[in-house]
Amino acid sequence: MATRMKLKLKTVFVLYFMVSLLGLIYALMQLGQRCDCTEHDLPKDRTISRLRGELHRLQEQMRKSEATKQPLKQAAKLSPPTIFVITPTYARLVQKAELTRLSQTFLHVPQLHWIVVEDSPHKTPLVTDLLVKSGLTYTHLHMPTAKDRKLQEGDPNWLKPRGVEQRNEGLRWLREDRRAQPGGDTQEGVIYFADDDNTYSLQVFEEMRSTQRVSVWPVGLVGGMKYEKPVVEGGKVVRFHTGWRPSRPFPMDMAGFAVSLKLVMANPEACFDGEAPMGFLESSLLQGLVTMDELEPKADNCSKVLVWHTRTEKPKMKREEALQAQGIGSDPAVEV
Amino acid sequence: MPKRRDILAIVLIVLPWTLLITVWHQSAIAPFVAIRKERLTIRHHQLSDDRVEGRGEAGGQAQDSKEYCASDKYIVEVVRTEYVYTRPPPWSDVLPTIHIITPTYSRPVQKAELTRLANTFLHVPNLHWILVEDSQRRTPLVTRLLRETGLNYTHLNVETPRNYQLRGDIRDPRIPRGTMQRNLALRWLRETFNANNSQAGIVYFADDDNTYSLELFEEIRSTRKVSVWPVAFVGGLRYESPKVNAAGKVYGWKTVFDPHRPFAIDMAGFAINLRLILIKPQAYFKLRGVKGGYQESSLLRELVTLNDLEPKAANCTKILVWHTRTEKPVLVNEGKIGFTDPNVEI
């Protein structure tokens, strides 16, 4: 009796085990197979698509009816303030690439006037052609940096301030150009200093358009931190959140503020001071224009990062240099 | 003795069931886990509903939400294709679609890179961006960014197993960065499009830190099989380019680094017609055992011969794409505990 019981139990166990194993094998076979979810998803999908289509149509209708009202209003109103973007640039391998992708961003921004100032004794054909092909409204200037102020080949980036003469030249041209225009003194406009290797989202331009005096916002990947930003309390800037020399009058990056055209015209002497110590370049301009409590915080009370201080690596040219030493370098006529 | 048998019996009972249950959690056996699947589906639709508000003029909209129930050990894929027409990325019926495959991974400059890439792509008509993240699940940063751009996109993800990335020994060589992601995108294309009746398309592998001129995309559009062009800043040179003879055929490669590779070209230097991808479904990038610089060859060799290559960019004399690399930002002032608010997205 006992052995039969045991045997029965044994077979039961073995059977059980085999069944479980088969079930496991079946489950493993199901892996990687597309499951038959269609009967669950499709009706929901269809309803949602249909509703969304209707919603969009209604929104479009609303917008169309608004648009028909607006032209009447806009005839009386002026066009939105122009953003004057001053970009200093200098010849190096990645220059064309940087200016190309910068122009691709700027093409999306309405009422933008790009002022490109080359660090060069004369305008280079590379930049000239690029600006012509870009389709943007632009002004092409040039202003060479004095030799003793210029960074040499092995110098680290922070040794001498860069772009000072070029930005000042941009300001000078702008002032001259506005004065030459009738009613230029009271024209609406915003000036933004945009370096050619940073990254700009399209929102930052919309935020800065409403600048009355000087507006500020956070900048990502700068100052040795993920972002630097002004600290806003009660709608006013009270101090700056930065890891490097926070005692500066305006401890922020060039990409973190914009100045209204009116303010620049009203202060004809305001410009960047090339003799200022490291990191005080921005302050050297802003000190003469505005105080901290007059700053206008943008980007949702300075809580969003809309511009990043990216830097592009210098491409490795070891093989190129070796070839050029042999006299068989790449065709210099091909513009890079 | 009986005790041991009892233990054996219990083990024999419990083991298969635990295995089965763990497997169930991962995979989806349709008839049995219908309820769980429904919850998953609903969650997805809720996510996409937030997208609707704040849109500009919309020509039309179709949402094709497909859910992938596949679950490999390494690949967990969830696919959401959204076709949203907001501001003109114009869409024409005659232009072939350019499918851009971009692998990406999380690092501080990721959002900046993708932002400026999106600003470039917004100028290109009939563009479909396939962004594949190297992550376990799709990150909210990329999801939100893609939604806000208004581009046509497909958001995929697959995680490269960590040990493959870190180790450098010959026996278990690293999977080159981005390979699994590009292969996943190729697989998605093959499963989405049918070789017989698909719309004309071209596939281009675009890394997120390069710079692309708008002219490049127009040159790509006329690709019949595989087209090639020069790329700047690769191989330690000002640019690398294919050698084109007087008859307009590619016969070699103007590079210093191993010009005898079957296809001595950078990922950004070629584009493939979608048809070719679909009729050769076994062609993928080789995952392992690939020498440096041979990755592109591992795919192209299965698709085309040197003779079939079409030179673009004025017979490969103009530079339309630059292999720029972005510096890793120095975050020294963050310190050990982080100085800045981690909730602010950069």
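What counts, and at which threshold
Residues numbered from 1 in each chain as written. Chains lettered and ligands numbered in written order. Predicted model: local features only at pLDDT ≥ 70, side-chain atom pairs only at ≥ 80, totals over all residues. Heavy atoms only, no water. UniProt positions renumbered as here; feature names shortened; annotations may be inferred. Helix = DSSP H or I, 4+ residues; strand = E, 2+ residues; numbered from the N terminus. Buried < 20%, exposed > 50% of the residue type's maximum accessible area, 1.4 Å probe, protein only. Contact = heavy atoms within 4.5 Å. Axes fitted to C-alpha atoms, helices over the stretch in contact; angles between N-to-C directions. Parallel < 35°, antiparallel > 145°, perpendicular 65-115°, else oblique. Left-handed = near helix turned anticlockwise from the far one by under 90°. Nonpolar A, V, L, I, M, F, W, Y, C, P; charged D, E, K, R; others polar. Salt bridge = Lys/Arg side-chain N within 4 Å of Asp/Glu carboxyl O. Pairing = 2+ DSSP bridges. Core = buried A, V, L, I, M, F, W, Y, C linked by side-chain atoms within 4.5 Å. Polar contact = N/O pair within 3.5 Å; in protein donor to acceptor, adjacent residues only side chain to side chain. Phe/Tyr/Trp six-rings, centres within 6.5 Å; stacked < 30°, edge-to-face > 60°. Lys NZ or Arg CZ within 6 Å of the ring centre and 35° of its normal.

1. Remarks on the UniProt feature "binding site: Mn(2+)" (unreviewed entry) in chain A
- Here, UniProt's "binding site: Mn(2+)" (unreviewed entry) annotation points to Asp197 of chain A.
- Note that Asp197 of chain A resides in the loop between β4 (189-193) and β5 (199-200).
- Residue Asp197 of chain A is classed as buried on the basis of its relative accessible area of 13%.
- Not counting residues up to four positions away in its chain, the partners in contact with Asp197 of chain A are Glu98, Thr310, Arg311 and Thr312 of chain A together with Arg116 of chain B.

2. Some details on the packing of helix α3 (residues 110-121) of chain B against helix α4 (residues 140-149) of chain B
Residue and element names in this part refer to chain B.
- For the pair α3 and α4, interaxial distance at closest approach is 11 Å and the crossing angle is 20°. Taken together, α3 and α4 sit at an angle that is classed as roughly parallel. Once α3 is placed against α4, the crossing between them reads as right-handed. Between α3, through Gln110, Lys111, Leu114, Thr115 and Ala118, and α4, the contact on the second element is made entirely by Leu141, Val142, Leu145 and Thr149.
- The residue inventory of the contact of α3 with α4, partitioned by class, reads 5 nonpolar, 3 polar and 1 charged.

3. Focus on unusual backbone geometry
Residues and elements named next belong to chain A.
- Its identity as a non-glycine residue notwithstanding, Gln111 has a phi of 50°, on the positive side.
- Of note, Gln111 is situated in the loop between α3 (95-106) and β2 (112-118).
- Its identity is not glycine, yet Cys302 carries a phi of approximately 60°, on the positive side.
- With respect to the helices and strands, the residue Cys302 is situated in helix α9 (residues 299-302).
- Owing to a relative accessible area of 0%, Cys302 belongs among the buried residues under this scheme.

4. Regarding the UniProt feature "active site" (unreviewed entry) in chain B
Residues and elements named next belong to chain B.
- Following the UniProt record, the feature "active site" (unreviewed entry) maps to Glu296 here.
- Mapped onto the elements, Glu296 comes out in helix α9 (residues 295-300).
- If we ignore the near neighbours within four places in the chain, the residues touching Glu296 are Ile265, Asp266, Met267, Phe270 and Phe285.

5. Quick look at the pattern of salt bridges
- Scanning the entire structure with this criterion turns up 21 salt bridges over all chains.
- Between Glu327 of chain B and Arg311 of chain A there is a salt bridge whose closest N-O contact spans 3.3 Å. With Glu327 of chain B in the segment after β14 (321-322) and Arg311 of chain A in the loop between β12 (307-308) and α10 (318-326), this residue pair bridges two chains.
- Arg311 of chain A gets classed as partly exposed once you look at its relative accessible area, which sits at 23%.
- The closest approach of N and O atoms between Lys318 of chain B and Glu215 of chain B, which form a salt bridge, is 3.2 Å. Placement of the pair is Lys318 of chain B in the loop between α10 (313-316) and β14 and Glu215 of chain B in helix α7 (residues 214-220), with a sequence separation of 103 residues.
- Bridged by salt links that share partners, the residues Glu169, Arg172 and Glu176 of chain A form one connected network.

6. Notes on the pairing of β4 of chain A
Residue and element names in this part refer to chain A.
- By the criterion of burial, β4 is predominantly enclosed, with 5 of the 5 residues buried.
- Pairing analysis gives 5 bridges linking strand β1 (residues 82-89) to β4, with the strands arranged parallel. Looking at β4, one finds that Ile83 is bridged to Val190.
- Relative to strand β10 (residues 257-260), β4 runs antiparallel, the two being bridged by 3 bridges. From the neighbouring strand, Tyr192 faces β10, where its bridge partner is Ala258.

7. What about the nonpolar core?
All names here are of chain B.
- Formed by 37 residues in total, the largest nonpolar core has its most connected members in Phe205, Phe270 and Ile272.
- Ranked by the residues each element gives to this core, the list is headed by helix α6 (residues 179-192), at 6 residues.
- Contacts of Phe270, omitting those with residues within four sequence positions, involve Tyr204, Phe205, Val226, Ser227, Val228, Trp229, Ile265, Glu296 and Leu300.

8. Thoughts on the sheet that holds β10 of chain A
All names here are of chain A.
- The 7 strands are arranged β3-β2-β1-β4-β10-β6-β11 in an open sheet whose pairing can be described as mixed. A strand with exactly one partner marks an edge of an open sheet, and here the two such strands are β3 (137-142) and β11 (296-297).
- Across the sheet, helix α4 (residues 125-134) touches β2 and β3, and the angle it forms with β3 is around 170°.
- Sitting on the sheet, helix α5 (residues 164-180) is in contact with β1, β2, β3 and β4, with an inclination near 130° to β2.

9. Quick notes on the UniProt feature "binding site: UDP-alpha-D-glucuronate" (unreviewed entry) in chain A
Residue and element names in this part refer to chain A.
- According to UniProt, the "binding site: UDP-alpha-D-glucuronate" (unreviewed entry) feature falls on Pro88, Thr89, Tyr90, Asp119, Arg162, Arg167, Asp195, Asp196, Asp197, His309, Thr310 and Arg311.
- Classification of Arg167 as buried rests on a relative accessible area of 4%.
- Position of Asp196 among the secondary structure elements: in the loop between β4 and β5.
- Look at Asp196 and you get buried, because its relative accessible area is 5%.
- Contacts of Asp196, omitting those with residues within four sequence positions, involve Thr87, Pro88, Thr89, Arg92, Glu98, Leu99 and Leu102.
- Of note is the side chain of Asp196, whose polar atom sits 3.0 Å from the side chain of Thr89.

10. Let's talk about the pairing of β10 of chain A
Residues and elements named next belong to chain A.
- Of the two faces of β10, the one holding Phe257 and Val259 and the one holding Ala258 and Ser260 are both buried throughout.
- Bridge count for strand β6 (residues 214-216) against β10 is 3 bridges, and the pairing is antiparallel. Bridge pairing in β10 links Ser215 to Ala258.

11. A few points about the side chain of Gln181 of chain B
All names here are of chain B.
- Here Gln181 lies in helix α6.
- A polar contact is formed between the side chain of Gln181 and the backbone oxygen of Val158, at a distance of 2.8 Å.
- Other than its neighbours up to four places away in sequence, Gln181 contacts Pro103, Val132, Glu133, Asp134, Val158, Glu159 and Thr160.

12. Focus on the packing of aromatic side chains
- If you walk through the whole model with that rule in mind, you get 19 aromatic pairs over all chains.
- Each ring, one from Tyr200 of chain A and one from Phe205 of chain A, has its centre 6.2 Å from the other, and the planes form 50°; the classification is tilted.
- Relative accessible area serves as the criterion here: at 2%, Tyr200 of chain A is assigned to the buried category.
- A cation sits over an aromatic face here: Arg177 of chain B above Tyr105 of chain B, 3.8 Å from the ring centre.
- Over the aromatic face of Tyr284 of chain B sits the side chain of Arg190 of chain B, whose NZ or CZ is 4.6 Å from the ring centroid.

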